[in-house]
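Coordinate analysis (summary)
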Amino acid sequence: MNYNGIIVKYSKYLPIDPRCIVTLNEGNTPLLHAPRLSALIGKGVKVYLKLEGLNPTGSFKDRGMTYAISKAVEAKSQAVVCASTGNTSAAQAAYAARAGLRSYVLIPKGKIALGKLSQALVHGSRVLAIDGNFDEALEIVRKIGEQGLATVVNSINPYRLDGQKSAAFEIAEQLGDAPTYHALPVGNAGNITAYWRGYKQYHSEGMIEKLPKMLGFQASGSAPIVLGRPVKNPETIATAIRIGNPASWQYALQARDESKGLIDKVTDKEILKAYHLVASLDGYFCEPASAASIAGILKLAKNKFFKSGDVIVCTLTGHGLKDPDTAIKGVKPPIFVKPDLKKILKAMKL
Ligand code: AN7
């Protein structure tokens, strides 16, 4: 059967005039079992990776963006705008291009990964790099929205979170029920909010029997929710979640408390370790922010948090190719060798 993206698949939950749908066939991403990571986490524990990096622009943002852009088209908007640490801008740029909308993105100068910047530019958005961080950019974008100059497609636009709920629906279908735990990185806190709403919706409709406990992880240099106060100058290698004052803060607390889960922090060192671990053990390359979910469950596993029979889903929110600079920095460089069989075999230690 032809797959036509999340709005068509979940049309019951994402109402719209079908003529206005703007899709790149996002969603329907694999839920990959990670046997070697599972063994590290604990005996009898099953870890699954939701590969959101396999969406059309390489991150989970496509799920919310297809609906936000489609709704903007339905409302006859001519222009869209967002503040972004990179992935939202990449998704907006692609969907706006397809819709024929003018597209403006505000990014923190020098703090977005190269792949994401390339995407926004190649898709033809007007990219404004500001001498400030994401939180400052979002404040300005809110004002642009209030003045009615463009439709804001950050997750303060409710259609974004409605679209992102589809990832929880898919996991419920892929597993046949909710997992015991759902782990994910937390930046602006939209995704944890959307997943929780998605699971609750499926639960209330009898589509799943249980609800997961939500485990959110912030980078320790950008951990406002863990600290209980905004962080003025957030810092982390995981630039996607370099956010000091999350827009969906209160909803994230609600997700945590209603699900009896937790929101914790992980250091950049732990993030990078997890990033390399999932690539080398289970063959999947995610971006640093995504590895916060892996780092988080590894941290919890040290304290025997999980027990046999637990099913953990980690959302790997973005693809590793988004951030080639971080990838290259953290590994041994290639070995330079002449095109000579003997020398090559020596270098290979064969
Ligand atoms: C790979 O693109 O905020 O907690 O402007 O790109 O829903 O914000 C990105 C966030 C996790 C955090 N992983 O999700 C943006 C932006 C990746 C991300 C998050 C982001 P939220």
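Refer to the preceding data block for the structure.
Scope of this entry: the structure provided in the associated data block. Source: prediction; values computed, not measured.

Take the packing of helix H9 (residues 190-204) against helix H11 (residues 249-259) next. The contact between H9 and H11 brings their axes to 8 Å, and the two run at 45 degrees. It follows that H9 is oblique to H11 by the angle criterion. Crossing of H9 over H11 shows left-handed handedness. Within the contact between the two elements, H9 uses Ile192, Thr193, Trp196, Arg197 and Lys200 and H11 uses Tyr251, Ala252, Gln254, Ala255, Glu258 and Ser259. Split by residue class, the contact of H9 with H11 holds five nonpolar, three polar and three charged.

Taken together, 23 residues lie near the ligand, and Asn87, Thr88, Asn188, Ala189 and Thr317 sit nearest. In the environment of the ligand, an oxygen atom lies 2.7 Å from a nitrogen or oxygen atom belonging to the side chain of Asn87. Gly187 is positioned such that a nitrogen or oxygen atom in its backbone is 2.8 Å from an oxygen atom of the ligand. Burial of the ligand by the protein amounts to 98% of the accessible area it has alone, namely 470 Å². In this structure, the ligand is accommodated by the largest cavity.

Let us now look at the pairing of strand E7 (residues 181-185). The element E7 is largely enclosed, with a buried count of five among its five residues. The alternating pattern of E7 places Tyr181, Ala183 and Pro185 on one face and His182 and Leu184 on the opposite face, and all of these are buried. The pairing of E7 with strand E8 (residues 213-219) spans five bridges and is parallel. Counted as the bridge partner of Ala183 is Leu215 from E8. Traced from E7 through H9 to E8, the parallel crossover comes out right-handed. Pairing analysis gives three bridges linking E7 to strand E10 (residues 311-316), with the strands arranged parallel. Bridged to Tyr181 within E10 is Ile312.

This part is about the nonpolar core. One finds Ile41, Val47, Leu49, Ile297, Phe306 and Ile312 to be the most contacted residues of the largest nonpolar core, which totals 36 residues. Residue assignment for this core shows that the elements contributing at least two residues are helix H2 (35-41), strand E2 (46-51), E7, E8, helix H12 (268-282), helix H13 (288-302) and E10. When near neighbours in sequence (up to four residues on either side) are disregarded, Leu49 contacts Pro30, Leu31, Leu32, Ala34, Leu37, Val278, Ile294, Cys314 and Leu316. Core analysis: the next-biggest nonpolar cluster, separate from the first, contains 33 residues, Tyr13, Leu31, Ala252 and Leu253 among them.

On inspection of all chains with the given rule, the structure shows ten aromatic pairs. Between Phe169 and Tyr202, the ring centres sit 4.3 Å apart and the planes meet at 15 degrees, which makes this aromatic pair stacked. Note that Phe169 is positioned in helix H8 (residues 166-175) and Tyr202 in helix H9, a separation of 33 residues in sequence. Like Tyr202, Phe169 is buried. In this structure, Arg197 is placed above the aromatic ring of Tyr251, and the distance from its NZ or CZ to the ring centre is 4.7 Å.

Attention now moves to the sheet that holds strand E4 (residues 102-108). One open sheet holds the four strands; their spatial order is E5-E4-E3-E6, and the pairing between them is parallel. Since the sheet does not close on itself, it has two edges, and those belong to strand E5 (126-130) and strand E6 (151-152), each with one partner. Where strand E3 (residues 79-83) and E6 come together, two bridges link them in parallel fashion. The residue bridging Val80 from the neighbouring strand is Thr151, located in E6. The strands touched by helix H4 (residues 87-99) within the sheet are E3 and E4, with E4 carrying the most contacts at an inclination of about 170 degrees.

Attention now goes to H8. Each full turn of the α-helix corresponds to 3.6 residues, which orients residues three or four apart in the same direction. Burial analysis of H8 places seven of its ten residues in the buried class, the great majority of the element. Taken together, the buried positions of H8 are occupied by Ser166, Ala167, Ala168, Phe169, Glu170, Ile171 and Ala172. Following H8 by one or two positions, Gly176 has its phi on the positive side, about 85 degrees.

Reading guide: rules and limits
Residues numbered from 1 in each chain as written. Predicted model: local features only at pLDDT ≥ 70, side-chain atom pairs only at ≥ 80, totals over all residues. Heavy atoms only, no water. Axes fitted to C-alpha atoms, helices over the stretch in contact; angles between N-to-C directions. Helix = DSSP H or I, 4+ residues; strand = E, 2+ residues; numbered from the N terminus. Parallel < 35°, antiparallel > 145°, perpendicular 65-115°, else oblique. Left-handed = near helix turned anticlockwise from the far one by under 90°. Contact = heavy atoms within 4.5 Å. Nonpolar A, V, L, I, M, F, W, Y, C, P; charged D, E, K, R; others polar. Near = heavy atom within 4 Å. Polar contact = N/O pair within 3.5 Å; in protein donor to acceptor, adjacent residues only side chain to side chain. Areas by Shrake-Rupley, 256 points an atom, 1.4 Å probe, with all protein chains shown as cover. 1 Å grid on protein atoms, 1.4 Å probe; cavity = no way out; pocket = protein on both sides within 12 Å on 5 of 7 lines; lining within 4 Å. Sits in = over half its atoms within 2 Å of the grid points. Buried < 20%, exposed > 50% of the residue type's maximum accessible area, 1.4 Å probe, protein only. Pairing = 2+ DSSP bridges. Right-handed = clockwise from strand over helix to strand, strands pointing away. Core = buried A, V, L, I, M, F, W, Y, C linked by side-chain atoms within 4.5 Å. Phe/Tyr/Trp six-rings, centres within 6.5 Å; stacked < 30°, edge-to-face > 60°. Lys NZ or Arg CZ within 6 Å of the ring centre and 35° of its normal.

Function cannot be inferred from these measures alone, as they are strictly geometric.
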